[in-house]
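Secondary and tertiary structure notes
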Amino acid sequence: NNIMIVKAKYAQTNNTKSLSPQQAARIVKNKFGGKVLKVSNSGAKNNPSYRVKLLKDNGHVISVNVDAKSGRISGY
């Protein structure tokens, strides 16, 4: 019975369209150019986001947050 609940929950979170790490990286790259160094999960379970580390063409490394649901970029 317990397993059923977990499965249902999991199926639900899958339906809310959220970005893959690759999509998050692409959004950041399209906005800033440069080279994506690393994408990591951050944020809470009910508010997932990705932390994307990017090496810009000018040599600066920036780290930005991408909201996994909306694709909004923040924190740069």
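Here is what the cut-offs are and how they apply
Residues numbered from 1 in each chain as written. Predicted model: local features only at pLDDT ≥ 70, side-chain atom pairs only at ≥ 80, totals over all residues. Heavy atoms only, no water. Helix = DSSP H or I, 4+ residues; strand = E, 2+ residues; numbered from the N terminus. Buried < 20%, exposed > 50% of the residue type's maximum accessible area, 1.4 Å probe, protein only. Areas by Shrake-Rupley, 256 points an atom, 1.4 Å probe, with all protein chains shown as cover. Patch = residues over 30% accessible without salt bridge, like charges linked within 9 Å, V, L, I, M, F, W, Y side chains within 5 Å. Salt bridge = Lys/Arg side-chain N within 4 Å of Asp/Glu carboxyl O. Pairing = 2+ DSSP bridges. Contact = heavy atoms within 4.5 Å. Axes fitted to C-alpha atoms, helices over the stretch in contact; angles between N-to-C directions.

1. Digging into the overall build of the chain
Secondary structure summary: the chain contains 2 helices and 4 strands in total. Helices and strands appear in the chain in the N-to-C order α-α-β-β-β-β. Expressed as a percentage of its 76 residues, the buried residues of the chain come to 21%. Carbon and sulfur atoms make up 52% of the accessible area of the chain, which totals about 5700 Å².

2. What to know about a nonpolar patch on the surface
Together, Leu37, Leu55 and Val61 make up a nonpolar patch on the protein surface, roughly 230 Å² of accessible area in all. Under the relative-accessibility criterion, Leu37 is labelled partly exposed at 43%.

3. Quick look at the sheet that holds strand 1 (residues 35-44)
The strands that make up a sheet are held in pairs by hydrogen bonds between backbone atoms, and each pair lies either parallel or antiparallel. Judged by pairing direction, the sheet is antiparallel, and its 4 strands sit side by side in the order 1-2-3-4 without closing on themselves. For this open sheet the edge positions go to strand 1 and strand 4 (73-74), each flanked by a neighbour on one side alone. Bridge analysis of strand 2 (residues 47-55) against strand 3 (residues 61-67) gives 7 bridges, and the strand direction is antiparallel. Residue pairing across strands places Tyr50 opposite Val66, the latter belonging to strand 3. Sheet strands in contact with helix 2 (residues 21-32) are strand 1, strand 2, strand 3 and strand 4, and its direction is about 50° off that of strand 2.

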